[in-house]
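If you want the building blocks of each chain, they are given just below.
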Amino acid sequence: MTVNGTATKTLVLLLATTVSALMVWYLNPVAVGEVPDYSRLFPAMLIGGIGGLIVGLATSFKPTWAPITAPIYAVLEGMVLGAVSIIYNAQLRGLPMMAVGATLVTAVLLFAVYRARLITVTDRMRSVAGMALFGLLGTYLLQFVLGFFGVNIPFINGNGIIGIGFSLLATGLAAFFLLLDMDQVERMVEHGMPKQMEWYGAFSFLVTLVWLYLEMLRLLSKLNRR
């Protein structure tokens, strides 16, 4: 396993995700201000969402499956991202491209910072980030359950100071996990992991980049509404 090999496979997964997302995008054109046809977007979100969750969990528990499961995960996540991007683009033309640009710039800057050793990942940083992630996931899960009863968690979904602050924290946490992914890949290389584990490292990067993109969409949407 090498860092360059992992980087190459990350680009392959990103390409697969992009192609999948563009297919959904161009098959479901929506004009600005037009309400998206959710009946057409629902299959892509359902298949991509549930399928991506299953494949993602399988890859996490069985990293040696990554050479096969990681590309499948990329295609499934692309379906979800394509559908979600259509919905946001109907609200504000160009918002998804802004989120893509912000995600890529953030990733490049963090890579440069990490390579320059301006930030060193420590065990304490990993534990704090892990606890923050569990807190964020708990909040999203609670919001998901309450949504079935028509209830929203106050403030965090709005475009007020608290809502924007919440999205900034979530976006910052997603960005920080890119640093953890970089550190993980370096440690795997140092431990002499087999070549096939490059796919697992690339899979980890893709998961974080998808998360970062979605948080960027939410943040930019709130800023636009404000």
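Refer to the structure above for everything that follows.
Since this is a predicted model, take the numbers as computed values, not measurements.

(A) Seen up close, the overall build of the protein. Broken down by element type, the protein carries seven helices and zero strands. Taken from N to C terminus, the helices and strands of the protein fall in the order α-α-α-α-α-α-α. Scaling as 2.2 N^0.38, a compact globule of 226 residues should have a C-alpha radius of gyration of about 17 Å, and the protein matches this with 18 Å. Each principal axis of the C-alpha atoms in the protein carries an extent, and together these give about 50 × 35 × 30 Å. Every one of the 226 residues in the protein was classed for burial, and the buried ones make up 43%. By sequence separation, contacts in the protein at least 24 residues apart represent 84% of the contacts at least 6 residues apart. Split by element, the accessible area of the protein, about 12,300 Å² in all, is 74% carbon and sulfur. Between the mean site of the 14 positive side-chain charges and the mean site of the 10 negative ones, the protein shows a separation of 4 Å.

(B) Layout of the pattern of salt bridges. Under the criterion given, the structure shown has eight salt bridges. For Glu186, the salt bridge identified is with Arg117, shortest N-O distance 3.0 Å. Taken as a pair, Glu186 in helix 6 (residues 161-190) and Arg117 in the loop between helix 4 (95-115) and helix 5 (123-147) lie far apart in primary sequence, 69 residues in all. Note that Arg187 and Asp183 form a salt bridge whose closest N and O atoms lie 2.9 Å from each other. In this pair, Arg187 and Asp183 both sit in helix 6, four residues apart, roughly one turn of the helix. For Asp183, a relative accessible area of 9% gives the class buried. Residues joined by salt bridges that share partners form a network here, namely Asp123, Arg126, Asp183 and Arg187.

(C) Representation of helix 2 (residues 38-61) within the structure. With 24 residues, helix 2 extends 33 Å between its outermost C-alpha atoms, agreeing within 8% with the 34 Å of an ideal straight helix rising 1.5 Å per residue. Among all positions of helix 2, only Leu41, Ala44, Gly48, Gly51, Gly52, Val55, Gly56 and Thr59 are buried. Turning to helix 2, the residues buried within the fold contact helix 1 (3-27), helix 3 (66-91) and helix 7 (197-225).

(D) Geometry of the packing of helix 4 against helix 7. At a minimum axis distance of 9 Å, the contact between helix 4 and helix 7 shows a crossing angle of 130 degrees. Taken together, the axes of helix 4 and helix 7 lie oblique to each other. In this structure, the crossing between helix 4 and helix 7 has a hand that is right-handed. Side by side, helix 4 and helix 7 meet where Leu95, Pro96, Met98, Ala99, Val100, Ala102, Thr103, Thr106 and Ala107 of the first sit next to Leu209, Leu212, Tyr213, Met216, Leu217, Leu220 and Ser221 of the second. When the residues that make up the contact of helix 4 with helix 7 are grouped by side-chain class, the tally is 13 nonpolar, three polar and no charged.

Cut-offs used in this document
- Residues numbered from 1 in each chain as written.
- Predicted model: local features only at pLDDT ≥ 70, side-chain atom pairs only at ≥ 80, totals over all residues.
- Heavy atoms only, no water.
- Helix = DSSP H or I, 4+ residues; strand = E, 2+ residues; numbered from the N terminus.
- Rg over C-alpha atoms; globule rule 2.2 N^0.38 Å.
- Buried < 20%, exposed > 50% of the residue type's maximum accessible area, 1.4 Å probe, protein only.
- Contact = heavy atoms within 4.5 Å.
- Areas by Shrake-Rupley, 256 points an atom, 1.4 Å probe, with all protein chains shown as cover.
- Lys, Arg positive; Asp, Glu negative; His and termini not counted.
- Charge placed at Lys NZ, Arg CZ, Asp CG, Glu CD.
- Salt bridge = Lys/Arg side-chain N within 4 Å of Asp/Glu carboxyl O.
- Expected span 1.5 Å × (residues − 1).
- Axes fitted to C-alpha atoms, helices over the stretch in contact; angles between N-to-C directions.
- Parallel < 35°, antiparallel > 145°, perpendicular 65-115°, else oblique.
- Left-handed = near helix turned anticlockwise from the far one by under 90°.
- Nonpolar A, V, L, I, M, F, W, Y, C, P; charged D, E, K, R; others polar.

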